[in-house]
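As a plain string of letters, each chain reads:
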Amino acid sequence: MSDEPFNLVMFQRDGLDPVPELARRRAENPVSRVQYPIGPPIWLVTGYEDTRTVLGSNKFSNDFAKMTAEDDLAFLKDVNPGGLGFKDPPDHTRLRKMLTPEFTMRRLRRLIPRIEEIVAERLDAMEAAGDGVDLVDAFAVPIPSLVISELLGVPYPDRADFQRLSESRFDFLGDIEGCLAAVQDTLEYLSGLVAQQRAEPGDNLLGMLVREHGDNISDAELTEIADGILIGGHETTASMLALGALHLMTKPEHFAMVRDDDDKVVPVVDELLRYLTVVQVAFPRFALEDVKLSNGQVVRKGEVVLASLSGANRDSAFGADAEKVNIFRDMPPHVAFGYGLHRCVGAELGRIELQIAYPALLRRFPNLRLAVPFEELKFRELSIVYGVEKLPVNL
């Protein structure tokens, strides 16, 4: 198969939907080559079963250092992001085993009252601001930032600055130098936070890891974990809060379900997670041996694969109406949080935030509606985490 020209179809959207070319690839050529501006061509998988194979198989590696040891990818070796998402067993297994207990439903329930308070505080601020408020700035962004502050034990006097850093590091379309500086500032802050928790462990995630695992986990590993939680839980949840609210405002029947029926909240949230799939692609995988995928296509040892989560979640595996929201569908597990060993460890926390925030928003403001035509909204372009830049609403 000849390599295709530069193409970033996996990052493109048409409003809330993936562009039609992604569906065409899934139907006609579910394992295809794409070319980035630099580096070798990569494989793009767009179907549900292939995505589960790539993400769930030990024939593929997440180890960034191992991937960039290849000559074609050596130019990336100095930008290793670290963290759980770029580690293989046994390091990944050891750290994940330490972290997982904190994200069980039993442990997470203790955060629910505080999440409810955070949501209520944001709704109060919106009510005070009145019509024309930006739902992204006033609601979607601060909620996950404040929840992560609570989870990591960020001291109250630091939380405004921490929220500012959290927002600045994801502003990829703005000042790139400022974004990179915010990343460094965040890592320095988190390193200091780890040192505080090492000296006096608190009743938070970092404190728990220090108390229960002590010298078996290094300060560098704790900082990477904290940064991974910030990356995985901030921008993704913020984008999902905004895009989900946008969908609900444009679909009165779904709006009414969430506003009026507690039993509908969980299935609506899960179907919106599938339908919107804000994390558009999984972390890259590196083939450790030759692997055969759909249509007999073979990914050779040493080649890199990207799994399109947004493509997989619109697969016909979810029914003939996979391009629509249907909360009554009988569907297999979606891959909005990934799949396999590297499935998002904070998935249940994200679900809890959405399940609390959506009904609270619609019950406080039962007439919530867009303040501008849908066509005037500006969405992110070519972003790993898809989102809407601003969401002006009338209350």
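Residues numbered from 1 in each chain as written. Predicted model: local features only at pLDDT ≥ 70, side-chain atom pairs only at ≥ 80, totals over all residues. Heavy atoms only, no water.

- You'll find the protein entered in an unreviewed UniProt entry as Cytochrome P450, with Stackebrandtia nassauensis given as the organism.

**Quick notes on the overall build of the protein**
Point 1. Assigned secondary structure in the protein consists of 17 helices and 12 strands.
Point 2. Of all 395 residues assigned to the protein, the portion counted as buried reaches 52%.
Point 3. For the protein, the proportion of contacts with a sequence separation of at least 24, taken over those separated by at least 6, is 69%.
Point 4. Counting only carbon and sulfur atoms, one obtains 52% of the accessible surface of the protein, whose full area is about 17,600 Å². (Helix = DSSP H or I, 4+ residues; strand = E, 2+ residues; numbered from the N terminus. Buried < 20%, exposed > 50% of the residue type's maximum accessible area, 1.4 Å probe, protein only. Contact = heavy atoms within 4.5 Å. Areas by Shrake-Rupley, 256 points an atom, 1.4 Å probe, with all protein chains shown as cover.)

**Things to note about the pattern of salt bridges**
Point 1. Enumeration according to the criterion identifies 27 salt bridges in this entry.
Point 2. Arg26 serves as the salt-bridge partner of Glu323, at 3.5 Å between the closest nitrogen and oxygen. Pair noted here: Glu323 is in the loop between helix H16 (309-312) and helix H17 (347-364) and Arg26 is in helix H1 (residues 20-28), with a separation of 297 residues, a long-range link.
Point 3. With a relative accessible area of 37%, Glu323 lands in the partly exposed category. (Salt bridge = Lys/Arg side-chain N within 4 Å of Asp/Glu carboxyl O.)

**Some points on helix H12 (residues 219-233)**
Point 1. In this model H12 runs 21 Å from its N-terminal to its C-terminal C-alpha over 15 residues, within 8% of the 21 Å that 1.5 Å per residue would give.
Point 2. What H12 keeps buried is the set Glu221, Leu222, Thr223, Ile225, Ala226, Asp227, Ile229, Leu230 and Gly233. (Expected span 1.5 Å × (residues − 1).)

**As for the nonpolar core**
Point 1. One finds Met126, Phe139, Leu152, Leu361 and Leu391 to be the most contacted residues of the largest nonpolar core, which totals 104 residues.
Point 2. Excluding residues within four positions of it along the chain, Met126 makes contact with Val133, Leu135, Ala138, Phe139, Leu361, Phe365 and Leu395.
Point 3. Residues Val9, Phe11, Ile42 and Phe286 belong to the second largest nonpolar core, which totals 13 residues. (Core = buried A, V, L, I, M, F, W, Y, C linked by side-chain atoms within 4.5 Å.)

**Some thoughts on the sheet that holds strand S12 (residues 392-394)**
Point 1. Across the sheet, three strands lie side by side as S6-S12-S11; this open sheet has antiparallel pairing. Both outer strands of the open sheet, strand S6 (133-134) and strand S11 (369-370), are each paired with one neighbouring strand and no more.
Point 2. The pairing of S6 with S12 spans two bridges and is classified as antiparallel. Each residue of the ladder has a partner; that of Val133, found in S12, is Val393. (Pairing = 2+ DSSP bridges.)

**Thoughts on the side chain of Asp134**
Point 1. Among the secondary structure elements, Asp134 is positioned in strand S6.
Point 2. No salt bridge is formed by the buried Asp134. Its closest oppositely charged neighbour is Lys390, at 4.2 Å.
Point 3. Here Val136 takes part through its backbone nitrogen, which lies 3.0 Å from a polar atom of the side chain of Asp134. (Lys, Arg positive; Asp, Glu negative; His and termini not counted. Polar contact = N/O pair within 3.5 Å; in protein donor to acceptor, adjacent residues only side chain to side chain.)

**Looking at the confidence of the model for the protein**
Point 1. When pLDDT is averaged across the protein, the result is 86; 88% of the residues are at 70 or more.
Point 2. Ranking the elements of the protein by mean pLDDT puts helix H3 (residues 64-67) last, at 65, and H17 first, at 97. (pLDDT = per-residue confidence, 0-100.)

**Examining the packing of aromatic side chains**
Remark: the centre distance and the inter-plane angle together describe each pair of aromatic rings, the angle taken between the planes.
Point 1. Within this structure, the stated rule accounts for three aromatic pairs.
Point 2. Feature note: the residues Phe374, Phe379 and Tyr386 constitute an aromatic cluster, connected by ring pairs.
Point 3. A cation over an aromatic ring shows up here: Arg33 above the ring of Trp43, its NZ or CZ 4.5 Å from the ring centre.
Point 4. Geometry around Phe318 places Arg274 over its ring, the cationic atom sitting 5.5 Å from the centre. (Phe/Tyr/Trp six-rings, centres within 6.5 Å; stacked < 30°, edge-to-face > 60°. Lys NZ or Arg CZ within 6 Å of the ring centre and 35° of its normal.)

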